[in-house]
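A closer look at the structure
Next come the chains, spelled out residue by residue.
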Amino acid sequence: MIIQRCKGSKDLCPEEMTGFRLVEDTFRDSCLKWGYGEVRTPTLEYLHLFTSTGTLTPAMLGKVYSFLDWDGWSGERVVLRPDGTIPVARLYIDNLAGKGLAKLFYVTNVFIFEPTGKESREKWQCGAELIGGDPRLADIELMLLALEVLRKLGIKDINLRISHAGVIRAILKKARLSPEEEVRIFDRILDGDAEALAGLGAKRPELEQILPLLLNLKGKSSGFLKNMKALLNGSFPEMGTALDDFIGIAASLEELGISYQIDVTSGRGLEYYTGIMFQLYSGEERVGGGGRYDALIPLMGGADTTASGFALYQERLMSLLSTEVCARPAGRRVLVRTSPDALRRGLDVAGKLREAGYVAEFYHSRTNPKEISWLVDVGEDGLVLTDIARQKNHEFQSAGEILAFLRESGRK
Amino acid sequence: MNVKMALPKGHLLGGTVGLLERAAWGLTDYYEGMRVYRLSSGRFPHLFAKVFHEEDIPVQVAIGNYDLGITSLDWIEELLTKYPDSALVKVKDLGYGDGALYAATSREVGITSLGDLSQRHDTVRIASEYPNLAEHLAASLRLRRFRIYPLWGAPEAYPPEHAELVLLSGKSEEEILQSGLLPLGKIIEGRAVLIANRNSWETGDMGEMIASICDHLAPDAGEKEMKPASPPVFAAGRSWGKVPDHVVRLALPDGHQQVHVRRILDAAGVKISDYPGEAWHRRPVSSLEGVMIKVIRPQDMLVQVANGNFDLAITGRDWLFDHLYQFPGSPVKELLDLKYGRVRLVAVVHNDLPVADIDGLRQDYRGRQQKIRVASEYVNIADRYARDNRLGMYRIIPTWGATEAFLPEDADLLIENTETGKTIARNNLKIIDTLFESTACLIGNTGEITNPVKREKIDTIVAMLVRAMEAISRDDH
């Protein structure tokens, strides 16, 4: 019987891992340079961390991997981390509360069931969270950081879509729904159901006029929001604060020359968002998203703390990397072929090559030299360097001579 | 095509027998009190039908052992809630089967609606035979903190002391009220539903059988007759109220163990009212001072003692081991062997299988390239046995009793208890291994008991039971 991979899981072979590490390294590098510190949270968390209102939507909760631990006789379930932000918020409360500002980043896997098994149920995210920062600056900083990573990775056709949880909530308040229904519709929007808001117009005449303007038009500047504000000021004062915040962020993006699209219904995300929500796309492919979640830390028992963050979806980014970006430079790879008698000398040559920054690998009978430029044959009498592509041989006595030759030919 | 169908026993038996009689299926051996599990049909020669507990049927159909099944909606939803992509199709509501699954509490918990629970900041304990539906309910109520106690039975015994909420099946709200609980909402109707395996439904022709079922539904199908209120039953008993620290909380088993326990209590000179008692009476009163007693399922006691809900309980060593295999760090321990209810836990295969022991079974399956299906009520004992014996690719099938009927079609190996081995032999099965011997035992919690009065009381009860056992032993000889 052939042993199969678990349904909905994925292997990453060396070529894919090159892309995986490239995304991760680029992200880590940017975060470190922006002053963020790396954190890692456990794979297992208590299920209840994710169940109360303001954490995960019930639709998402229906797809988490929860089970009883070996000491689960208390009936308390644990879960394979289904989200990156909530565990970091818990980490902050447990370890960093009271220490002021926390700029944190992580590369982590999250586990969400996907029924067909065609997509991976284990997904990797590169996430950053800014806790306790100045809200407006923090929101802008995070968007810029995310965009920088995408640019460094050479992702094409990047576009930013923004929405605002406060604005959506204000509309829902206006619709005077029961608290349960309000949460339910908000969840539907977050789960990607763009129709959920539109249906409210039929119920409330005062919303009927506003909703098409707000939902159907995709604004491209803060002017759009200012127009909306002018229209709503009289009839919809409760929208004021959220809309002001939205306008402020949009205006800052404009000043920085960052183009974006305002799409209130693009609010795909998580129930914990309270302010700006942003989505990052490459063409029509969503590659990341984030937003402000000021209510989450107090909800989890921490002090009142501002917070926002984002996550980039590692697998999606890997699939968008160009082959050139991922390719291993052949010129830096050298094969070392040695007879058993000359093993010590072979080791010495390979070591020197590695010290000089080359990838030196031993030749095995099944080695495919296709992607490799150079071959060193180590004999007892001397060393023969072959330029594999040109089939030309050069004889040398020491590793030092080979290195000098390679340096020289690299310059040509 | 050959069609395999899973039919229910239990509360849907009468309605299902009636329906299939009207449809003239000629299942002569299917009736209340039947002696066989495997049925053949006079009308459909290609039909093989087998009788199961209704809890088992959704799993059997979903994994493809059976093409069709009739069972109750609550058990279907219990599977689909956790595994929505199970290969199971709900074909037709058959219109019979009464009652529903209710969420209920005790008046003393202080809530009047399910919404009230969402506001609570403390841990909400939910006890139920339907743990998946309970988890789903907890998630949809957005409970901040909750625990789920999966039960084998007697959910009505738990509120208010040991659970804030129970999910339990009942004939009507009236019946829930009469059991001393407050119904908060109906979760699922307990109706009979015809189900099919998705693959069989998509590829096989079962049209004739399905048509004959649909053509013979009772005329009032869909309109449920209102049953007259059941005779008043003894409410679960007065709740304990606030239990002082020094009081010992003792769990006694329901079911057939009651006569044995009563004999030991009699020998110890303990007077106890209503034990064995009415099914609904779960809080008997005894002459033991400073001891509160509740009657629950022996299988459910382990988790209750581990959680400190009870200090002492009488259960079987088989269930103690099953618990400890699942939770190796559990604080539950055996305090005293009560020596009755002696059974062996054995590994059982069908007589046709040419193997004499577990090594032989492993060798036999290694050549066959197929998974060994291990059926058992004792999921954790079975799992550990399969692991310890390196069965390789095995699959555990949880059952709700009558496991011997699973061989050979629906399982390859059983982990079963047996007193004499007669049932096993009668079903053309053989024992290939004995895991251990089990008797009833008194269990307690290894955790420190800080209250000296309670500590002493527990020691006194254990000593008293030891003396009672000695007296019984003298009598028996």
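Please refer to the structure placed before this passage.
In this report, the structure presented in the accompanying data block is examined. (Residues numbered from 1 in each chain as written. Chains lettered and ligands numbered in written order. Predicted model: local features only at pLDDT ≥ 70, side-chain atom pairs only at ≥ 80, totals over all residues. Heavy atoms only, no water.)

Once that is clear, we can look at the packing of aromatic side chains. Enumeration over the complete set of coordinates arrives at 18 aromatic pairs over all chains. Measuring from centroid to centroid gives 5.6 Å for A:Tyr272 and A:Tyr293, while their planes differ by 70 degrees, and the two rings are edge-to-face. Linking A:Tyr272 in the loop between strand S8 (261-262) and strand S9 (276-282) with A:Tyr293 in the loop between strand S10 (285-292) and helix H13 (296-299), this pair joins segments that are 21 residues apart in sequence. Look at A:Tyr272 and you get buried, because its relative accessible area is 2%. Here A:Tyr293 falls in the buried class, since its relative accessible area comes to 1%. Where B:Phe321 meets B:Phe436, the ring centres are 4.6 Å apart and the plane angle is 55 degrees; that geometry is what we call tilted. Note that B:Phe321 is positioned in helix H11 (residues 317-326) and B:Phe436 in strand S20 (residues 429-438), a separation of 115 residues in sequence. A relative accessible area of 25% means that B:Phe321 is categorised as partly exposed. Connected via pairs of aromatic rings, a cluster forms that spans A:Phe27, A:Phe105 and A:Phe310. Lying over the aromatic face of A:Tyr363, A:Arg337 brings its terminal NZ or CZ to 4.7 Å of the ring centre. (Phe/Tyr/Trp six-rings, centres within 6.5 Å; stacked < 30°, edge-to-face > 60°. Helix = DSSP H or I, 4+ residues; strand = E, 2+ residues; numbered from the N terminus. Buried < 20%, exposed > 50% of the residue type's maximum accessible area, 1.4 Å probe, protein only. Lys NZ or Arg CZ within 6 Å of the ring centre and 35° of its normal.)

Here we come to empty space enclosed by the protein. Residue and element names in this part refer to chain B. Counted under the stated rule, the structure contains four cavities of 30 Å³ or more. One number sums up the size of the largest cavity: a volume of about 50 Å³. Looking at the largest cavity, the residues that line it are Leu250, Leu252, Leu265, Leu288, Ile314, Ile461, Met464 and Leu465. Counting residues per element, the ones that place at least two in the lining of the largest cavity are strand S12 (248-253) and helix H15 (452-476). (1 Å grid on protein atoms, 1.4 Å probe; cavity = no way out; pocket = protein on both sides within 12 Å on 5 of 7 lines; lining within 4 Å. Points joined across faces, edges and corners; volume = space filled by probe spheres on them.)

Moving on to the interface of chain B and chain A. At the junction of the two partners, chain B supplies 28 residues and chain A supplies 28 residues. With both chains or domains summed, chain B and chain A bury close to 2,300 Å², and 55% of this area falls on carbon and sulfur atoms. It is B:Arg142, B:Phe146 and B:Phe327 that lose the most area in chain B upon contact with chain A, and together they represent 28% of the buried surface on that side. Viewed at the interface, chain A and chain B are joined by two salt bridges. A salt bridge links A:Glu76 to B:Arg145, with the nearest nitrogen and oxygen atoms 3.2 Å apart. For the pair chain B and chain A, the number of links is eleven residue pairs in polar contact (both at pLDDT 80 or more). (Contact = heavy atoms within 4.5 Å. Buried area = accessible area lost by both parts, 1.4 Å probe. Salt bridge = Lys/Arg side-chain N within 4 Å of Asp/Glu carboxyl O. Polar contact = N/O pair within 3.5 Å; in protein donor to acceptor, adjacent residues only side chain to side chain.)

Residues and elements named next belong to chain A. Sheet architecture is open: eight strands sit in the order S1-S5-S6-S11-S10-S9-S7-S8, paired in mixed fashion. A strand with exactly one partner marks an edge of an open sheet, and here the two such strands are strand S1 (37-38) and S8. Where strand S7 (residues 158-164) lies against S9, seven bridges are found, and the strand directions are antiparallel. Paired with His164 across the two strands is Ile276, which belongs to S9. Along the sheet, helix H4 (residues 135-152) makes contact with strand S5 (102-111), strand S6 (122-131), S7, S9, S10 and strand S11 (307-313), crossing S11 at roughly 15 degrees. (Pairing = 2+ DSSP bridges. Axes fitted to C-alpha atoms, helices over the stretch in contact; angles between N-to-C directions.)

Attention shifts here to the packing of helix H11 (residues 222-232) of chain A against helix H12 (residues 240-255) of chain A. All names here are of chain A. Between H11 and H12, the shortest axis-to-axis distance is 8 Å and the interhelical angle comes to 160 degrees. With respect to H12, the element H11 is oriented roughly antiparallel. In this structure, H11 meets H12 at a crossing whose hand is left-handed. Contacts between H11 and H12 involve Ser222, Leu225, Lys226, Met228, Lys229 and Leu232 on the former and, on the latter, Leu243, Asp244, Phe246, Ile247, Ala250, Ala251 and Glu254. Among the residues making up the contact of H11 with H12, the classes are represented as eight nonpolar, one polar and four charged. (Parallel < 35°, antiparallel > 145°, perpendicular 65-115°, else oblique. Left-handed = near helix turned anticlockwise from the far one by under 90°. Nonpolar A, V, L, I, M, F, W, Y, C, P; charged D, E, K, R; others polar.)

The subject of this paragraph is the pairing of strand S11 (residues 192-197) of chain B. Residue and element names in this part refer to chain B. A large share of S11 lies buried, amounting to six of its six residues. Alternating positions in S11 separate into two faces, Ala192, Leu194 and Ala196 on one and Val193, Ile195 and Asn197 on the other, with burial throughout. Where strand S4 (residues 68-72) lies against S11, five bridges are found, and the strand directions are antiparallel. Within the sheet, the bridge partner assigned to Thr71 lies in S11 and is Val193. When strand S5 (residues 88-93) meets S11, the two strands line up antiparallel, connected through five bridges. Note on S11: the bridge partner recorded for Val89 is Ala196.

Distances and angles like these do not, on their own, reveal function.
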